[in-house]
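A structural walkthrough
Okay, here's what each chain looks like letter by letter:
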Amino acid sequence: MTKPARHLQRLPRLLALAWLLAVLLVAGHNAWLWLGQRASPDTDILALLPGASSKDAVRQQAFSHMVDSAQQKLVVLVGDRDWKRAQAGAQAYLTVLHAHADLVAPINDDSAQWQSQWLGSLDRSRSLLLGDAQRAQLATTTAQQWNQRALGGLYGAFGGPRLGAWQDDPFGLFGDWVQERARETPVRPRDGMLFVERDGVSYALLLLELKAPAFSMQAQEQVVPLLAQARRAARTQAGEVVSGGVVLHAAAASAQASSESATIGAGSLLGILLLMWLTFRSLKPILYIALSIAVGCLGALSVSMLVFGKIHLLTLVFGASLIGIAQDYGIYFLCARLAAPATQDSATLLRRLLPGLALMLLAALIGYLGMALTPFPGLQQMAVFSALGLVFAWLTVACWFPQLIGPQTLCATPRAQGFGQSIARWPDLLGGFAWHLVLPAAVALIGLAIAGVARLHSSDDIRALQKSPPELLQDQMRISQLLELAAPVQFYLVRGASAEAVLQQEEALREKLQALVQRKLITGVQAVSNWAPSQQRQQDNLALLRRALLEPQGESPDAVTLTAQAIGESPQWAQALRQRMLDKTQPITPEEFLATPAGAASRHLWLGQVDGQFASIVALRGLTDYRQLGQLAAVAEGMPGVQWVDKVGEISSVLRQYRIYMGWALLCAYAAIFALLALRYRRRAWRALAPPLLASLLTLGLFGWLGQPLQLFHVLAGLLVLGLGVDYGIFLLESSRDQRPHAWLTVALSAASALLSFGLLALSHSPPLHAFGLTMLCGMLLVWLLAPLFTHPGPAAHATPDAQPDKESA
């Protein structure tokens, strides 16, 4: 034996050793990650969506402000028709939480103290704080009328509750402004608690703050049982407990994803192992297949963590289906080993199989490449994770299987051999068999599929992709109705060169929105300028106050003098009152307001200076009819610096855009794979593509007849139907007539495994995974049934069974 020949003979062993070292390195990295660093999967559903890389930093920060403000909060309403029982229920709820203040704590225990704090923080500017109603009254009401109003407040039996002493606000301007602000929410203080009432039921409102991130699985495991315990305690006193918060939805999604990941992964693995046992009746092939899958998963986890820094839980759920593809390469080698003569060693066999194996890997990677090109971080991560898993599994087969599996290692069971022989009874669609029957049936089937495709309608609404438990959704809707909460995903973004410019634009926007408030499309708006008006507006308010109350109007005394005279006070008393009112005119800025207790609830609305400009958010209250969003968007038209933001509509639009884009990418993938196959199979290349193409058409037609709306995830599944389906064509086209039964056995095992793994995703309660799995279930089943129809070897193969694929005629 020559020296180069000896090197060539030792090359497989060297590759196997090198791959062993690489696998040990990957295994060590995984042990360090999951056992040493205690890494855990990410559960933030927003991390799957585009936006983090948005070029508009202000717009992105505005959305983050709105989401972050809601993310760490919990809202609990303890209700009963008897207010005392509602109070007792709320106290029982808080008693449970008090021992766990490090996990979740009330934002403010004492509403009376909180009210006193925020009133006090605005005291020095109270004369400058005027609402629209007060401004209109000051502009039109005479000094005599203001005098009568002051006397009515002093002596009237029905003057209503006052804030502070009469002489601090004799004309009731600050009290009216506070009441106008109070109308921004139906919540009122009562007996030291926050209170809201609806349909005869009194609710005690508890505002809670999470101390750990809402999407932390560890925090969810601690907080959710604690909240359930507090809920049970409250129900012993009160009749109703309504809870809402991101952590509850995140925990439900995590539990569902974890359960589905375990179910799908275990079901897929057990199904595949059972298939292997029924085929080979030996543990060795099972161990070999499991080895390739395990290395694929370890490699995908390790490299994905290096690339992304973290792994999303849904990536692991999707990755569970990796088992269905990664085992294809091992099955292909095992079945080929069965069909190969005993005189052929496994290294030689692998060299013969390498072109087909490489085509299979490339076709699958092209399918995942389409997913990786989308702007969705979640899809990119899933695609990279799956592609890496396939590469690692493929290398395991190529490097280790020839060393582990010899000519005498395997023996197919009689049942498996019998199934392989059944390919001889499969009809040959291209062999002239009963054309008078086949052609009309094919035309009718394709016609029905095309008619079904014509009936297809699309749905890109992001809300259809989220599915929380019904009880959580009911609670969330109840809270929204009771508290008139502002939606965090629809708002106005206001920008300007300065804080003053932003506030002035806010005030102009609020005036335009009053028309929609009067038409009850919305119940009001939340804006920082409601509390801290622009400096221009504050100066206008002061001028208005002076003219209407503090200065004589022609020959008539001013309102303060008239009031002093009416109650028998001296001119000095009147001057002291004027001075007290003027002492409360210290201008307030947004930063000063937001630093006060009163500003705590509005901090998420002010972005400050971002990317060289100032910006703020104007949120909407009481928006329920989402069909009228166009009217809200129209308000921003023609207003410089004002932009309508509808994150739901924006993401839905992106989904639509990329559904169309990925549809074209799918067609391009067919063209690219056809060009790749044509290099080896020449004019027979279309035979490998016809099964997935026809299966996709029939699946879409079926969805059309069933009324299933088309989504991006159906199109993405179409990419994998192509990537996997073309493998079956390659299996059958690569085989000679003698090898065909084993190739058919390979197709059957591969298709059954794909159905077990991807098909099980159709059982997922996550709408995207369900849509993906259902498409794969229908598509792969059809590909399996159709593949032999187009890949029959024909009469030429009967005469030359060992002919090379590229030399065979169509």
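The structure displayed is predicted, hence computed values, not measured ones. (Residues numbered from 1 in each chain as written. Predicted model: local features only at pLDDT ≥ 70, side-chain atom pairs only at ≥ 80, totals over all residues. Heavy atoms only, no water.)

Some points on the overall build of the chain
- When its secondary structure is counted, the chain shows 29 helices and 11 strands.
- Per-residue burial over the chain gives 52% buried out of 810 residues.
- A sequence separation of at least 24 residues applies to 83% of the contacts in the chain between residues at least 6 apart.
- Total accessible area on the chain stands at roughly 35700 Å², and carbon and sulfur atoms take up 61% of it. (Helix = DSSP H or I, 4+ residues; strand = E, 2+ residues; numbered from the N terminus. Buried < 20%, exposed > 50% of the residue type's maximum accessible area, 1.4 Å probe, protein only. Contact = heavy atoms within 4.5 Å. Areas by Shrake-Rupley, 256 points an atom, 1.4 Å probe, with all protein chains shown as cover.)

Some points on the pattern of salt bridges
- Per the counting criterion, the structure on display carries 13 salt bridges.
- Between Arg537 and Glu511 there is a salt bridge, and its shortest N-O distance comes to 3.4 Å. Of this pair, Arg537 sits in helix α19 (residues 535-550) while Glu511 sits in helix α18 (residues 499-518); the two residues are 26 residues apart in sequence, bridging distant segments of the chain.
- What you see here is one network of salt bridges that share partners, running through Asp123, Arg126 and Lys584. (Salt bridge = Lys/Arg side-chain N within 4 Å of Asp/Glu carboxyl O.)

A closer look at unusual backbone geometry
- The phi dihedral of Asp199 is positive, around 55°, even though this residue is not glycine.
- Within the secondary structure layout, Asp199 lies in the loop between β4 (193-198) and β5 (201-210).
- With a phi close to 50°, Arg281 is a non-glycine residue in the positive phi region.
- Positionally, Arg281 belongs in the loop between α9 (246-280) and α10 (283-308).

A few points about the packing of helix α3 (residues 83-98) against helix α8 (residues 217-235)
- Packing of α3 against α8 leaves a shortest axis separation of 7 Å and a crossing angle of 150°. In terms of orientation, α3 and α8 fall into the roughly antiparallel class. When the axes of α3 and α8 are compared, the crossing they make is right-handed. Seen from α3, the contacting residues are Gly89, Ala92, Tyr93, Val96 and Leu97; seen from α8, they are Leu226, Leu227, Gln229, Ala230, Arg231, Ala233 and Ala234. (Axes fitted to C-alpha atoms, helices over the stretch in contact; angles between N-to-C directions. Parallel < 35°, antiparallel > 145°, perpendicular 65-115°, else oblique. Left-handed = near helix turned anticlockwise from the far one by under 90°.)

A word on the packing of helix α15 (residues 414-421) against helix α27 (residues 740-761)
- In contact at an axis separation of 7 Å, α15 and α27 are set at 105° when each is read in the N-to-C sense. Here α15 lies roughly perpendicular to α27, going by the angle between them. Packed against α15, whose contacting residues are Ala416, Phe419, Gly420 and Gln421, the element α27 presents Pro741, Trp744, Leu745 and Ala748 at the interface.
- The residue inventory of the contact of α15 with α27, partitioned by class, reads 6 nonpolar, 2 polar and no charged. (Nonpolar A, V, L, I, M, F, W, Y, C, P; charged D, E, K, R; others polar.)

A look at the packing of aromatic side chains
- One pass over the structure, following the stated rule, counts 13 aromatic pairs.
- Taken together, the aromatic side chains of Phe174, Trp177, Trp531 and Phe593 make up a single cluster linked through ring pairs.
- A cation over a ring is seen here: Arg190 above Phe195, with NZ or CZ 4.7 Å from the ring centre. (Phe/Tyr/Trp six-rings, centres within 6.5 Å; stacked < 30°, edge-to-face > 60°. Lys NZ or Arg CZ within 6 Å of the ring centre and 35° of its normal.)

Here we look at helix α24 (residues 647-681)
- Helix length check: α24 (35 residues) gives 49 Å between terminal C-alpha atoms against 51 Å at 1.5 Å per residue, within 8%.
- With its phi angle positive at about 50°, Arg682 sits one or two positions after the end of α24. (Expected span 1.5 Å × (residues − 1).)

A few points about the pairing of β5
- Where burial is concerned, most of β5 is hidden: 8 out of the 10 residues are buried.
- Where strand β1 (residues 73-80) and β5 come together, 8 bridges link them in antiparallel fashion. In the sheet register, Asp80 faces β5, and the bridge partner there is Ser202.
- Bridge analysis of strand β2 (residues 104-106) against β5 gives 3 bridges, and the strand direction is antiparallel. Within β5, the residue paired with Ala105 across the bridge is Glu209. (Pairing = 2+ DSSP bridges.)

Section: the nonpolar core
- Judged by nonpolar contacts, the single largest core of 103 residues is most densely connected at Tyr329, Leu677, Tyr728, Phe758 and Met776.
- The element best represented in this core is helix α26 (residues 712-734), accounting for 16 residues.
- If you count residues domain by domain, this core takes at least three from each of domain 1 (282-406) and domain 2 (423-480 + 646-792).
- With sequence-adjacent residues up to four places away left out, Leu677 is seen in contact with Leu359, Arg682, Ala685, Ala688, Leu689, Val726 and Ile730.
- Counting 50 residues, the second-largest nonpolar core is a separate cluster that includes Val178, Tyr492, Leu509 and Trp606. (Core = buried A, V, L, I, M, F, W, Y, C linked by side-chain atoms within 4.5 Å. Domains from an automatic or database assignment.)

Regarding the environment of Ser529
- On the secondary structure map, Ser529 appears in the loop between β8 (524-526) and α19.
- For the pair Ser529 and Glu507, spaced 22 residues apart in sequence, the C-alpha to C-alpha distance is 6.6 Å.
- Not counting residues up to four positions away in its chain, the partners in contact with Ser529 are Leu503, Glu506, Glu507 and Arg510.

Topic: the side chain of Ser422
- With respect to the helices and strands, the residue Ser422 is situated in the loop between α15 and α16 (435-455).
- Looking at Ser422, its side chain comes within polar contact range of the main-chain oxygen of Phe419, at 2.4 Å. (Polar contact = N/O pair within 3.5 Å; in protein donor to acceptor, adjacent residues only side chain to side chain.)

Brief notes about a nonpolar patch on the surface
- On the surface, Leu274, Trp277, Leu278, Leu283 and Leu287 cluster together into a nonpolar patch covering about 490 Å² of accessible area.
- Of all the secondary-structure elements, those providing two or more residues to the nonpolar patch are α9 and α10.
- In terms of residue count, the dominant contributor to the nonpolar patch is α9 (3 residues).
- Assignment of secondary structure puts Leu278 in helix α9.
- Judged by its relative accessible area of 34%, Leu278 is partly exposed. (Patch = residues over 30% accessible without salt bridge, like charges linked within 9 Å, V, L, I, M, F, W, Y side chains within 5 Å.)

Notes on the pairing of β4
- In this structure, strand β3 (residues 188-190) lies alongside β4, joined through 3 bridges in antiparallel fashion. Bridge pairing in β4 places Arg188 opposite Phe195.
- The hairpin turn running from β3 into β4, its antiparallel successor, is 2 residues long, and Asp191 in that turn takes a positive phi close to 55°.
- Summarising the sheet, β4 and β5 pair through 5 bridges and their orientation is antiparallel. Along β5, the bridge assignment pairs Arg198 with Val201.
- A loop of 2 residues connects β4 with β5, the two strands running antiparallel in sequence, and Asp199 in this loop sits at a positive phi of about 55°.

A look at the environment of Ile446
- Tracing the backbone through its elements, the reader meets Ile446 in helix α16.
- Relative accessible area serves as the criterion here: at 33%, Ile446 is assigned to the partly exposed category.
- Spatially, the C-alpha atom of Ile446 lies 8.9 Å from that of Gly701, the residues being 255 residues apart in sequence.
- Residues within four places of Ile446 in sequence aside, it is in contact with Leu694 and Leu697.

Considerations on the environment of Leu379
- Here Leu379 shows up in helix α14 (residues 377-404).
- Residue class for Leu379 comes out buried when judged on its relative accessible area of 6%.
- The spatial distance from the C-alpha of Leu379 to the C-alpha of Thr315 is 8.2 Å, given a sequence separation of 64 residues.

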